[in-house]
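Structural description and commentary
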Amino acid sequence: MEMIGHGGKEIVEKVMSKDAAIKRVAELKAAKAKTLDVRLQLATEIIDIAYGFFSPLEGFMTKADVEAVCNNMTLADGKTVWSIPIVYDISSEELEKSGIKQYDEVLLSYTGNPFAIFDITDIFTLDTKEVAMKVYGTTEDKHPGVKRTYQYQDKFLGGKITLLNPPKINEPFTRFWLTPKQMRERFKEKGWEMIINHQTRNVPHTGHEWLMKGAYLGAYGSMMVDKPRGGVLVNAIIGSKRPGDYIDEAIILCQEAQGTNGYFREDTFLTTCSLWDMRYAGPREAIFHACLRTNLGCTHHMFGRDHAGVGTYYDPYDAHRIFNKVPEGSLRIKPIFNLDWWFCPVCDEVTYMGFCGHKDKKASFSGTLIRSIIQDGVKPPRRIFRPEVFDMIMECAEKYGFGNAFVTEDYLKNRQPVFTIGQLK
Ligand SMILES: [Zn+2]
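1. A short note on the overall build of the protein
When helices and strands are tallied, the protein shows 14 helices and 16 strands. In terms of overall size, the protein behaves like a compact globule, its C-alpha atoms giving a radius of gyration of 22 Å where 425 residues would be expected to give roughly 22 Å. Seen along its three principal axes, the alpha-carbon backbone of the protein occupies a region of about 75 × 50 × 45 Å. Relative to its full complement of 425 residues, the protein shows a buried share of 56%. Within the protein, contacts between residues at least 6 apart in sequence are counted, and of these 74% link residues at least 24 apart. Surface accessibility of the protein: about 18900 Å² in total, with carbon and sulfur atoms responsible for 50%. Positive and negative side-chain charges in the protein, numbering 54 and 54 respectively, have mean positions lying 1 Å apart.

2. Examining the environment of Gly7
One can find Gly7 in the segment before helix 1 (18-30). A C-alpha to C-alpha distance of 30 Å links Gly7 and Ile421, two positions 414 residues apart in sequence. When residues no more than four places from it in sequence are discounted, the contact partners of Gly7 are Thr80 and Arg332.

3. With respect to the pattern of salt bridges
Any two side chains of opposite charge can pair, so long as their charged atoms come close to each other. For the coordinates displayed, the defined rule picks out 24 salt bridges. A salt bridge links Arg39 to Asp89; the nearest nitrogen and oxygen atoms lie 2.9 Å apart. Residue Arg39 is located in the loop between strand 1 (35-37) and helix 2 (40-51), and its partner Asp89 is located in strand 3 (residues 88-90); the two are separated by 50 residues in the primary sequence. Owing to a relative accessible area of 33%, Arg39 belongs among the partly exposed residues under this scheme. Taking the shortest distance from any N to any O, the salt bridge between Glu209 and Arg386 comes out at 2.8 Å. With Glu209 in helix 8 (residues 206-220) and Arg386 in the loop between helix 12 (367-376) and helix 13 (387-399), this residue pair connects regions lying 177 residues apart in the sequence. An identical accessibility class is assigned to Glu209 and Arg386; each is buried. One salt-bridge network, held together by shared partners, links Lys23, Arg24, Glu27 and Glu105.

4. Topic: the sheet that holds strand 12 (residues 334-337)
One open sheet holds the five strands; their spatial order is 10-9-8-11-12, and the pairing between them is parallel. This sheet does not close on itself; its edge strands, each paired only once, are strand 10 (269-275) and strand 12. Neighbour-to-neighbour, the strand axes of this sheet turn through a mean angle of 30 degrees, independent of strand direction. Judged from the four bridges that link them, strand 11 (residues 300-303) and strand 12 form a sheet pairing that is parallel.

5. Some points on the packing of aromatic side chains
If you walk through the whole model with that rule in mind, you get 24 aromatic pairs. Ring centres of Tyr313 and Tyr314 lie 6.5 Å apart, and the angle between their planes is 55 degrees; this geometry places the pair in the tilted category. Given a relative accessible area of 27%, Tyr313 falls into the partly exposed group. The exposure class of Tyr314 is buried, given its relative accessible area of 11%.

6. A short note on empty space enclosed by the protein
This model, assessed by the stated rule, comprises two cavities of 30 Å³ or more. There is about 100 Å³ of room inside the largest cavity. Broken down by element, the residue count for the lining of the largest cavity peaks at four residues, all from helix 5 (residues 128-136). Residues that form the lining of the largest cavity fall into these classes: 10 nonpolar, two polar and one charged. Volume-wise, the second largest cavity comes out at about 40 Å³. Every residue lining the second largest cavity is listed: Arg39, Gln41, Leu42, Glu45, Val87, Asp89, Arg148, Tyr152 and Arg279. Ranked by residue count, the leading element in the lining of the second largest cavity is helix 2, at three residues. Here the residues of the lining of the second largest cavity sort into three nonpolar, one polar and five charged.

7. Concerning the pairing of strand 8 (residues 192-200)
Strand 8 sits mainly inside the fold: eight of its nine residues count as buried. One ladder, built from eight bridges, connects strand 8 with strand 9 (residues 229-238); its direction is parallel. In the strand pairing of strand 9, Met194 is matched with Gly230. Here strand 8 runs beside strand 11; their pairing, made up of two bridges, is parallel. By the bridge assignment for strand 11, Asn197 is matched with His301.

8. Examining the environment of Glu45
Position of Glu45 among the secondary structure elements: in helix 2. Classification of Glu45 as buried rests on a relative accessible area of 3%. As a C-alpha pair, Glu45 and Tyr88 span 43 residues in sequence and 9.2 Å in three-dimensional space.

9. Regarding helix 3 (residues 63-72)
By the burial criterion, the buried members of helix 3 are Asp65, Val66, Ala68, Val69 and Cys70. Looking one or two residues past helix 3, Met73 carries a phi angle of roughly 60 degrees, positive in sign.

Parameters at a glance
- Residues numbered from 1 in each chain as written.
- Predicted model: local features only at pLDDT ≥ 70, side-chain atom pairs only at ≥ 80, totals over all residues.
- Heavy atoms only, no water.
- Helix = DSSP H or I, 4+ residues; strand = E, 2+ residues; numbered from the N terminus.
- Rg over C-alpha atoms; globule rule 2.2 N^0.38 Å.
- Buried < 20%, exposed > 50% of the residue type's maximum accessible area, 1.4 Å probe, protein only.
- Contact = heavy atoms within 4.5 Å.
- Areas by Shrake-Rupley, 256 points an atom, 1.4 Å probe, with all protein chains shown as cover.
- Lys, Arg positive; Asp, Glu negative; His and termini not counted.
- Charge placed at Lys NZ, Arg CZ, Asp CG, Glu CD.
- Salt bridge = Lys/Arg side-chain N within 4 Å of Asp/Glu carboxyl O.
- Pairing = 2+ DSSP bridges.
- Axes fitted to C-alpha atoms, helices over the stretch in contact; angles between N-to-C directions.
- Phe/Tyr/Trp six-rings, centres within 6.5 Å; stacked < 30°, edge-to-face > 60°.
- 1 Å grid on protein atoms, 1.4 Å probe; cavity = no way out; pocket = protein on both sides within 12 Å on 5 of 7 lines; lining within 4 Å.
- Points joined across faces, edges and corners; volume = space filled by probe spheres on them.
- Nonpolar A, V, L, I, M, F, W, Y, C, P; charged D, E, K, R; others polar.

Printed below as a string of structure tokens:
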């Protein structure tokens, strides 16, 4: 099966077999290899790198890569489009204490268990203000991506990663987490040759449902009845959360509920999740999502209004326009640009900016409106929320959200982790 990812390179899993990993860890320990314990943020990206979600990246970026990403939106090769730095940060104190030098082979651990090997090829510093300005278009730390950038420690390590100890993905995410290879195998089983990705961090109201259906028709509509089939892939982003976001469990289970309750046929719909901490980089994040979903084997990617934006930092359609700025042929995925969808009481249906002319009558699916519906817990009209989806939100709030469908401090502190790294034995 073709496993060509972003940049035209074969997707390579850098995951050692268990026996080889046990042996390697023993050797490294005997050789008194240097060690570092990584935090969740880094562990997540190590998993992504090792399974090819970030292909062609095989490790954390060197300074040359970060500079090229910031200045030209490519990797250091000057050709491969890449929009967001993927970096390993460390404090000067920790670096000094560890004694790590360039070309060291470092044993990384997570939550006390052996996790990965890190071949250090570059140790460097960055001007985080400059990175923020170039990637996010602002230096204000109110922007969550900028805040994350400013929170980096003062030194950075670049080099390749090999995973020693695969993650255990915990319930209810287990069946939704598919590696790029597994994802492509699943598409093959389904007979899909055209895969339209829907990026989400929401529970779906009917506006989202129609967005997906519109994209499906847009991409699939011209195909003949006896031609190969295609489908919509919901790929939910699971990662660091902010208070007020939907809880991860509700996002994934409510997306799935659209399929299990027949609003999409099983053979045209699939719900999955990938691990990524949203950076809210708007247009640059849209490019990143295109690369990520190319690696998952998707052929089309939906980009909505204010895709991956935050506050008023980006024009709602900047994330569409940026695709005109990348060289033709540098992305192996076709963007589908979604305009606004809303409920119109005159049309008496969910309709689309391109159709409905009752401009002042529309009831848009504003976040505030949807939020107040959910917080009231009173079942809304089925034109706004499918009843089974709404029931699932309430169920998830009870089961996973400590009574709330939105992230609270309680949830952040007490939720079960999405993945764990066990003992290597
Ligand atoms: Zn109308």
